[in-house]
Amino acid sequence: MLSYFAKLYSKTKEEFYQDVAKNLKEEKRMFIVTANPETFNHGIEDSDFNDLLLNENTTLIPDGIGIVKSAQMLKYPVKERITGVDLASKLLELGSSHHLKIALLGAQEEVLNSLIKVINNNYPNLKIIKYENGYTKDKDKFFTALKSLEPDICLVALGIPAQEKLIYKHLNKFKKGIFVGVGGSFDVLSGTKKRAPKLFQKLNIEWLYRLIKEPKRIKRFYQNNIKFIFKVRKLKKERKAHENSSK
Ligand code: UDP
């Protein structure tokens, strides 16, 4: 797991947005994975997902507060949260101000239609070149057809690990484009689900708001976070023992 921490983006959110804007301008390709404890657990349990996380083409950003705090505890220079939903929103803004092309895959049909309306109203210069809800069987087709359309931005909202695996599988078809797995962001950006109030965001307890609103998440949250906390504590102990032995 330490290799995931070491790979985390360590500058500020603003600096990250500048890097993304630069890559968009220079037509570079980028694959961004937004990391939560669940992301790291998947990496440990699934060797394909591990390869995806550690691949040189993957940029890993600290989405969850659990990742930020644990990284800091283990003395990795991670600054702050950079969330998937903020990133998705920033990409819509950048895409519109630079008249770029976007592709959207994922979420329920109604959610996606609402998101398209939001984009057309609020980001009028962003061109939606392809879209599809996340419940069709053959999602590879989406990417095969997308290749010749050369998107500048591609947001995939299928949940982890499906969204990352799908992007990773097709990434080499594209020379340029910012590809991100954005989880439940379409639900929020479309206005279908409310994001946690600002106070929750500020206090870094956005996760608590999601659990209150969607109690069915509790089991998933508990399993992932407990596993993660135990691993981090073990790593911390090992590190301390190593430091003491080399004194
Ligand atoms: N989703 C989808 N197809 C599926 C399963 C999920 O399009 O087969 C969508 C779902 O509608 C939701 C998103 O993927 O919009 C996952 O959201 P979730 O809140 O679980 O992701 P998180 O933000 O927790 O990673």
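K.L.:
Any chance you could break down the side chain of D152 for me, citing the residues and the numbers?
P.N.:
With respect to the secondary-structure elements, D152 resides in the loop between α8 (140-146) and β5 (153-157). One polar contact links the side chain of D152 to the main-chain amide nitrogen of K101, over a distance of 2.7 Å. Among the polar contacts made by the side chain of D152, one reaches the side chain of K176 at a distance of 2.9 Å. Setting aside residues no more than four positions away along its own chain, D152 makes contact with L24, L100, K101, K176, G177 and I178.

K.L.:
Pulling in residues and values, what's your account of the sheet that holds β5?
P.N.:
Strand order across the open sheet formed by 6 strands is β2-β1-β6-β5-β3-β4, with parallel pairing between neighbours. Among the strands making up the open sheet, the edge pair consists of β2 (58-62) and β4 (127-132). When strand polarity is set aside, the average angle formed by the axes of neighbouring strands in this sheet is 20°. Of the pairings in the sheet, the one linking strand β1 (residues 29-35) to strand β6 (residues 177-181) comprises 4 bridges and is parallel in character. Residue pairing in the sheet places F31 in a bridge with F179 of β6. Contacting β1, β2, β5 and β6, helix α2 (residues 13-25) crosses the sheet at an angle of about 155° to β1. Along the sheet face, helix α9 (residues 162-170) touches β1, β3 (101-106), β5 and β6 and points at about 150° away from the line of β6.

K.L.:
Describe the site of the ligand, listing the residues and the values that go with them.
P.N.:
In the vicinity of the ligand lie 14 residues, with A107, G134, Y135, D187 and R217 positioned nearest. In this structure, A107 approaches the ligand through a main-chain N or O atom, which is 2.8 Å from an oxygen atom. According to the grid-proximity analysis, the pocket containing the ligand is the largest pocket. Of the residues contributing to the shell around the ligand, the split by class is 4 nonpolar, 6 polar and 4 charged.

K.L.:
An account of the pairing of β5 is needed here, citing residue identities and associated values.
P.N.:
Extensive coverage of β5 is indicated by the burial of 5 of its 5 residues. Covered by surrounding structure in β5 are I153, L155 and A157 together with C154 and V156, the residues of both alternating faces. Where β3 lies against β5, 5 bridges are found, and the strand directions are parallel. Looking at β5, one finds that L104 is bridged to L155. With 4 bridges connecting them, β5 and β6 associate as parallel partners.

K.L.:
Residue-level account of helix α13 (residues 218-245), with values.
P.N.:
Along an α-helix, residues three or four apart share an orientation, since each turn contains 3.6 residues. Compared with an ideal rise of 1.5 Å per residue, which puts 28 residues at 40 Å, α13 spans 40 Å between its outermost C-alpha atoms and is within 8% of the ideal. Listed as buried for α13 are N224, N225, F228, V232 and L235. Where α13 is buried, its residues meet α1 (2-7), α3 (37-45) and α5 (65-73).

Definitions and limits used
- Residues numbered from 1 in each chain as written.
- Predicted model: local features only at pLDDT ≥ 70, side-chain atom pairs only at ≥ 80, totals over all residues.
- Heavy atoms only, no water.
- Helix = DSSP H or I, 4+ residues; strand = E, 2+ residues; numbered from the N terminus.
- Polar contact = N/O pair within 3.5 Å; in protein donor to acceptor, adjacent residues only side chain to side chain.
- Contact = heavy atoms within 4.5 Å.
- Pairing = 2+ DSSP bridges.
- Axes fitted to C-alpha atoms, helices over the stretch in contact; angles between N-to-C directions.
- Near = heavy atom within 4 Å.
- 1 Å grid on protein atoms, 1.4 Å probe; cavity = no way out; pocket = protein on both sides within 12 Å on 5 of 7 lines; lining within 4 Å.
- Sits in = over half its atoms within 2 Å of the grid points.
- Nonpolar A, V, L, I, M, F, W, Y, C, P; charged D, E, K, R; others polar.
- Buried < 20%, exposed > 50% of the residue type's maximum accessible area, 1.4 Å probe, protein only.
- Expected span 1.5 Å × (residues − 1).

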